[in-house]
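Now for the letters of each chain:
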Amino acid sequence: SKPVVAIVGRPNVGKSTLFNALAGEKISIVKDTPGVTRDRIYADVTWLDKEFTLIDTGGIEPDSKDVILSQMRDQAQIAIDTADVIIFITDVRQGLVDADSKVADMLRRSKKPVILTVNKVDSFEKFMPDVYEFYNLGIGDPHPVSASSRLGIGDLLDEVIAEF
Ligand code: GDP
Ligand code: MG
């Protein structure tokens, strides 16, 4: 069967926007506030003759800060258990936060291939200096993207299929 690729990250970093950009269609619901239920979180994606199943692990996201970390842990664990490749998405505007580090620790211990993605890099010139701090997560090179303007999406897909 096809490889499974899961998108993991904090609420509001742009998981659903990235899912739609990678899937090439609007399936996942994008909202400014967390806590959004969506009816479909799976998509079949083809890139350069390689097929895979993409999952947005967002599901029903918490709207209270206390449960964000525990729910992120659950989502990361689901990704570790079910995915062949994990896209870990962070937000350059918010910078590196503690919850990112905790999830990165889990992902690193799993030994699954992880592609670290830094989203909302709408201008490479303006935001690249802020991308470098994500090296501190210790899970490899950060890949800058702008999910909403589709910058860096082709390069990210190249990285994903290189892991199969
Ligand atoms: P999720 O909660 O992680 O699924 O995040 P969403 O995909 O719902 O996006 C949360 C917010 O971030 C929405 O307002 C999006 O429009 C915005 N967003 C997503 N990607 C980008 C991006 O590349 N650049 C900017 N500036 N905003 C983005
Ligand atoms: Mg979402």
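About the criteria used
Numbering of residues begins from 1 in every chain and follows the order in which that chain's sequence is written. Each chain takes a letter, starting from A, and each ligand takes a number, starting from 1, following the order in which they are written. Selection of residues for local features in this predicted model requires a pLDDT of at least 70, selection of side-chain atom pairs for listing and counting requires 80 or more, and totals for whole chains, interfaces and linings are taken over all residues. In this text, helices come from DSSP runs of H or I with a minimum length of four residues, and strands from runs of E with a minimum of two, each type numbered from the N-terminal end. Labels follow a simple rule on C-beta atoms placed from the backbone: if 20 or more others lie within 10 Å of a residue's own, it is buried; if 12 or fewer, it is exposed; otherwise it is partly exposed. Two residues qualify as being in contact provided that their C-beta atoms, derived from the backbone, are within 7 Å of each other. When DSSP finds at least two bridges between two strands, those strands are taken to pair. Angles here are taken between N-to-C directions and fall from 0 to 180 degrees, while the axes themselves are lines fitted to C-alpha atoms, restricted in helices to the stretch in contact. Here a helix's expected span is defined as the number of its residues, less one, multiplied by 1.5 Å. Confidence of the predictor in every single residue is expressed as pLDDT, which spans 0 to 100. By convention, orient the strands away from the viewer: a clockwise path from the first strand over the helix to the second makes the crossover right-handed.

**Here we look at the overall build of the protein chain**
Moving on, step 1. When helices and strands are tallied, the protein chain shows 5 helices and 6 strands.
Moving on, step 2. Listing every helix and strand of the protein chain by position from the N terminus yields β-α-β-β-α-β-α-β-α-β-α.
Moving on, step 3. Every one of the 164 residues in the protein chain was classed for burial, and the buried ones make up 37%.
Moving on, step 4. Across the protein chain, contacts joining residues at least 24 apart in sequence account for 70% of those joining residues at least 6 apart.

**Details of the pairing of strand S5 (residues 114-119)**
Moving on, step 1. Buried residues dominate S5, accounting for 6 of its 6 residues.
Moving on, step 2. By the alternation rule, side chains of S5 split into Val114, Leu116 and Val118 and Ile115, Thr117 and Asn119, which are all buried.
Moving on, step 3. Where strand S4 (residues 85-91) lies against S5, 6 bridges are found, and the strand directions are parallel. The residue of S5 that forms the bridge with Ile89 is Thr117.

**Examining the sheet that holds S4**
Moving on, step 1. Taken in spatial order, the 6 strands make up an open sheet running S2-S3-S1-S4-S5-S6, and their pairing is mixed. Every other strand in the sheet has two partners, leaving strand S2 (42-47) and strand S6 (143-144) as the edge strands with one partner each.
Moving on, step 2. With 6 bridges connecting them, S2 and strand S3 (residues 50-56) associate as antiparallel partners. The partner of Trp47 across the bridge, within S3, is Lys50.
Moving on, step 3. Docked against the sheet, helix H3 (residues 98-110) engages strand S1 (4-8), S4 and S5, running at close to 165° with respect to S4.

**Side note on H3**
Structural remark: α-helix, 3.6 residues per turn; residues separated by three or four positions point the same way.
Moving on, step 1. A rise of 1.5 Å per residue sets the reference length of H3, with its 13 residues, at 18 Å; its end C-alpha atoms lie 19 Å apart and thus fit the reference within 8%.
Moving on, step 2. At the C-terminal side of H3, Lys111 shows a positive phi close to 65°.

**Regarding the confidence of the model for the protein chain**
Moving on, step 1. Per-residue confidence for the protein chain averages 88 on the pLDDT scale, and 86% of its residues sit at or above 70.
Moving on, step 2. Under the prediction, the complex receives an ipTM of 0.99, its pTM being 0.91.

**Quick look at unusual backbone geometry**
Moving on, step 1. Within the chain, Leu48 stands out as a residue other than glycine whose phi angle is a positive 50°.
Moving on, step 2. For Leu48, the position within the fold is in the loop between S2 and S3.
Moving on, step 3. In this structure Leu48 comes out as exposed when scored by C-beta crowding, with 8 C-beta atoms within 10 Å.

**A few points about the environment of Phe124**
Moving on, step 1. Residue placement: Phe124 occurs in helix H4 (residues 124-131).
Moving on, step 2. Note: C-alpha distance between Phe124 and Ile86 (38 residues apart in sequence) is 24 Å.

**Some thoughts on the environment of Glu51**
Moving on, step 1. Examined against the element boundaries, Glu51 turns out to sit in strand S3.
Moving on, step 2. With 13 C-beta atoms packed within 10 Å, Glu51 lands in the partly exposed category.
Moving on, step 3. Counting along the chain gives 96 residues from Glu51 to Ala147, while the straight-line C-alpha distance between them is 20 Å.
Moving on, step 4. Those residues in contact with Glu51 that sit more than four places away from it in its chain are Lys2, Asp44 and Thr46.

**Remarks on the pairing of S4**
Remember that side chains alternate between the two faces of the sheet whenever the strand is regular.
Moving on, step 1. In terms of burial, S4 is a largely internal element, 6 of the 7 residues being buried.
Moving on, step 2. Pairing of S1 with S4 involves 4 bridges; the strand directions are parallel. Across the sheet, residue Val8 finds its bridge partner in S4, namely Phe88.
Moving on, step 3. Since S4 and S5 lie parallel, the crossover through H3 that links them has a hand, and here it is right-handed.

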